[in-house]
Amino acid sequence: MHSREWLASLEQFGVKLGLDTITRLLDALGHPERAFASVHVAGTNGKGSVAAMTAAALDRAGLRTGLYTSPHLVRLEERFVVAGRQVDPVALDEALEEVRRAVSTLQASGGLTVHPTYFEVTTAAAFLIFARAGVRVAVVEVGLGGRFDATNVVQPEVVAIVSVDLDHEQQLGSTVAEVAAEKAGIIKPGAALVVGQLPEDAARVVEAAAAAAGAVPLRARDAIVEAEPSDGPYTIRVQTAAGSYGPVRLALAGRHQVDNALVAILVLEALAARGHHVPASAIDAGLASARWPARLQWIEDRGTLVLIDGAHNPSGARALASYLLESGHAPLPVVLGVMQDKAVDGMLAALAPVARPLIATRAPGSRALDAGSLARRAASAGIDAVAEPDLDAALARARRGAGAIAVAGSLYLAGAVLERLGRAPE
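**Structural notes on the overall build of the chain**
Counting its regular elements, the chain contains 15 helices and 17 strands. Overall, the C-alpha framework of the chain stretches about 55 × 55 × 40 Å when taken along its three principal axes. With 426 residues in all, the chain has 57% of them scored as buried. Of all intrachain contacts in the chain linking residues separated by at least 6 positions in sequence, the fraction that spans at least 24 positions is 73%. Accessible surface computed for the chain: about 16,800 Å², of which carbon and sulfur atoms make up 49%. Separation between the mean location of the 39 positive side-chain charges and that of the 45 negative ones in the chain comes to 1 Å.

Have a look at this one:
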C-alpha cells in the first residue's frame, strides 16, 4: 500500500483529541518539532489567515519559514509550505513513509496501542518536512481546539489566540468560556502571547490562563488602527507600542481581515523581540502579499463572478454576509453545503439577508448534511431556498441570469468548486 493510501485509510478513525499518540510518535522520529522555532496559532475563525500573513512576512524578512495548516482544499501538499512553496510531492511521500514505519515499529513493540489519526500523521510529517528543509521558524495552525490538538506538542516562541466563538461544540464545549479554555490550552510558560478581539467571557478565561503561565498578553485591542475599504481588501495604518505600519493594502478581503492583520503584526513584533530579524518593511510586504485561498476569493468563470468562501460556522457566515453587503454584491444566489455537526441555523440566520436564492447542495464527505434537510431548515428560517444535491447542477442553477454567485458552508465544498474551476491552490 502506498503511503498516501495508508494515510487515507486513517480517516476511518476520525477525530481523536489527546497528545499521547503524537508524543510517542515524535519521540520515535527523534523529535523533529524541536529543530526549529515555532509560532502556534489557535482561533475559531481567522487562525489560518493570521498564519498565512505571518508566514508571508517571515518569508519577506528572509527567514526560511514553514507553514502547516489544515484541511487542504484540493491537494494534500497544500498543508505543508516551505519558503512560500508547497512541499515537493516526493519529499512529502518520503516523510509519510518514515512516519508509517515509525507507527509500525511502535505497534509491533506495544509502544502504540491505538491507530494514529489522519491529522496526527500529517502533523508528524509536517515536522519532519520542516526539520529536513532547514526551516528556521514554523507557523503552526491548530487543527481543532488547542489543548488536546496534535499540534500542541510544539514549544512555541509565540502563541496567538485569534478569536473565540462557538464551533465544534461536541468536542470543545457549548459556551464561549468552555471553548476559550480549550484554546487557552496552547499557552505555555516562556512563550509570548498575542490575543485577538475576544468576547468578554473568553477574554477572562484567556487572561487567567496567561496569568497562570506567567505571560503578559499583547492585545490587538491596544493597537491604534485606521482602516479604509478599497474594493474588497482594506487599506490599514497601524500603530502599536513597538512600531508603525502602513499604509498597506491587505491582500485578503473583508473587514475581519483587519483584525487578523493586527494579530499577525503583534506576532511578528514578538518574534522580532526574541531576536528574529523581522523589519517593519517585511511586515507590510507580508500583509500585502499573503495568500489564503477560498477565503472571499473571487474567480471569473465563463462570464460569471464566483465568490468562494470557506465560512463553516455562524461567525464565518456573518463575516461573509457583512462583506457582501458592504461591497454591494448582495443579494445574490448562494450555493451552500454544510456538515451535519455544524451550527446550521446560526449560519442560515447570518446568510438570510444576502441569499437570493439559497441553493442547498451536499458538500463532499460522509458528515455532510443532505441538501433536502438543509433546504427545509433554510425555508423555516424564511429564506427562499431550493435543494439541488448535485454540486454541478447547483452551480448551474445559481448561474442562471446571475452576474455573480457565492459558494460557502464548508472548506470541503470550497475545495471541490476550486477543483472544478481548475483553480487548485498553487
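**As for the pattern of salt bridges**
In the structure shown here, the tally under the stated rule is 20 salt bridges. Residue Lys47 is joined to Glu141 by a salt bridge in which the shortest nitrogen-to-oxygen separation is 3.9 Å. One end of the pair, Lys47, is in helix α3 (residues 47-60); the other, Glu141, is in strand β5 (residues 137-141), with 94 residues separating them in the sequence. In this pair, the class of Lys47 matches that of Glu141, namely buried. Linking Arg132 and Glu98 is a salt bridge whose minimum nitrogen-to-oxygen distance equals 1.7 Å. Of this pair, Arg132 sits in helix α5 (residues 118-132) while Glu98 sits in helix α4 (residues 89-109), placing them 34 residues apart in sequence. If you follow the salt bridges from partner to partner, you end up with Arg4, Glu77 and Asp93 in one network.

**Notes on the packing of helix α2 (residues 20-28) against α5**
Helix-helix packing is characterised by the crossing angle of the two axes and by the distance between the axes. Contact pair α2 / α5: the axes reach a minimum separation of 10 Å and the direction vectors enclose 35 degrees. Once α2 is placed against α5, the crossing between them reads as right-handed. Residue-level inspection shows Thr21, Ile22, Leu25 and Leu26 of α2 in contact with α5, the latter providing Glu120, Thr123, Ala124 and Phe127. For the contact of α2 with α5, a count of residues per class yields five nonpolar, two polar and one charged.

**Description of the nonpolar core**
Taken as a class, soluble globular proteins show a tendency for nonpolar side chains to be buried jointly. Counting 46 residues, the largest nonpolar core has Val39, Leu58, Val139, Val158, Ile236, Val263 and Leu287 as its most contacted members. In terms of residues, this core owes the most to one element, helix α9 (residues 256-273), which gives 11 residues. Beyond its immediate stretch of four places on either side in the chain, Leu287 contacts Met53, Ile236, Val248, Arg249, Leu250, Ala251, Ala261, Ala264 and Ile265. Core analysis: the second largest hydrophobic core is formed by 37 residues, Tyr68, Leu106, Ala125 and Phe127 among them.

**Let's talk about the sheet that holds strand β6 (residues 158-161)**
In spatial order, the strands read β4-β3-β2-β5-β1-β6-β7-β8; together these eight strands make up an open sheet with mixed pairing. A single partner strand is all that each edge strand has here, and the edge strands are β4 (85-86) and β8 (218-219). When strand β2 (residues 65-68) meets β5, the two strands line up parallel, connected through four bridges. By the bridge assignment for β5, Gly66 is matched with Ala138.

**Structural notes on the side chain of Asn45**
By secondary structure assignment, the location of Asn45 is in the loop between β1 (37-42) and α3. What makes Asn45 buried here is its relative accessible area of 18%. Aside from chain neighbours lying at most four places away, what touches Asn45 is Val162, Ser163, Asn313, Ser315 and Gly316.

**Things to note about a nonpolar patch on the surface**
Taken together, the side chains of Val15, Leu17 and Phe148 make up a nonpolar region of the molecular surface, amounting to roughly 250 Å² of accessible area. Tracing the backbone shows Phe148 in the loop between β5 and β6.

**Points about the environment of Arg420**
Turning to its location among the elements, Arg420 is positioned in helix α15 (residues 411-420). In this structure, the C-alpha to C-alpha distance between Arg420 and Asp392, residues 28 residues apart in sequence, is 8.7 Å. Those residues in contact with Arg420 that sit more than four places away from it in its chain are Leu391, Asp392 and Leu395.

**A short note on the sheet that holds strand β10 (residues 233-239)**
Read from one edge of the open sheet, three strands run β9-β10-β11, paired in antiparallel fashion. Whereas interior strands pair on both sides, the edge strands pair on one side only; in this sheet they are β9 (224-229) and β11 (244-253). Taking each pair of neighbouring strands and ignoring which way they run, the sheet shows an average axis angle of 20 degrees. Both β10 and β11 contribute to a ladder of five bridges, which runs antiparallel. The residue of β11 that forms the bridge with Ile236 is Val248. In the packing of α9 onto the sheet, the strands contacted are β9, β10 and β11, and the crossing angle to β11 comes to about 130 degrees. The sheet contacts of helix α10 (residues 280-289) involve β10 and β11, and relative to β11 the element is tilted by about 20 degrees.

**A look at the packing of helix α12 (residues 344-351) against helix α13 (residues 371-380)**
Interaxial distance between α12 and α13 falls to 10 Å at its minimum, and their mutual angle equals 55 degrees. Classified by the angle between their axes, α12 and α13 sit oblique to one another. Where α12 crosses over α13, the handedness of that crossing is right-handed. Between α12, through Val344, Asp345 and Leu348, and α13, the contact on the second element is made entirely by Leu374, Arg377 and Ala378. Across the contact of α12 with α13, the residue classes tally to four nonpolar, no polar and two charged.

Cut-offs and rules
Residues numbered from 1 in each chain as written. Predicted model: local features only at pLDDT ≥ 70, side-chain atom pairs only at ≥ 80, totals over all residues. Heavy atoms only, no water. Helix = DSSP H or I, 4+ residues; strand = E, 2+ residues; numbered from the N terminus. Buried < 20%, exposed > 50% of the residue type's maximum accessible area, 1.4 Å probe, protein only. Contact = heavy atoms within 4.5 Å. Areas by Shrake-Rupley, 256 points an atom, 1.4 Å probe, with all protein chains shown as cover. Lys, Arg positive; Asp, Glu negative; His and termini not counted. Charge placed at Lys NZ, Arg CZ, Asp CG, Glu CD. Salt bridge = Lys/Arg side-chain N within 4 Å of Asp/Glu carboxyl O. Axes fitted to C-alpha atoms, helices over the stretch in contact; angles between N-to-C directions. Left-handed = near helix turned anticlockwise from the far one by under 90°. Nonpolar A, V, L, I, M, F, W, Y, C, P; charged D, E, K, R; others polar. Core = buried A, V, L, I, M, F, W, Y, C linked by side-chain atoms within 4.5 Å. Pairing = 2+ DSSP bridges. Patch = residues over 30% accessible without salt bridge, like charges linked within 9 Å, V, L, I, M, F, W, Y side chains within 5 Å. Parallel < 35°, antiparallel > 145°, perpendicular 65-115°, else oblique.

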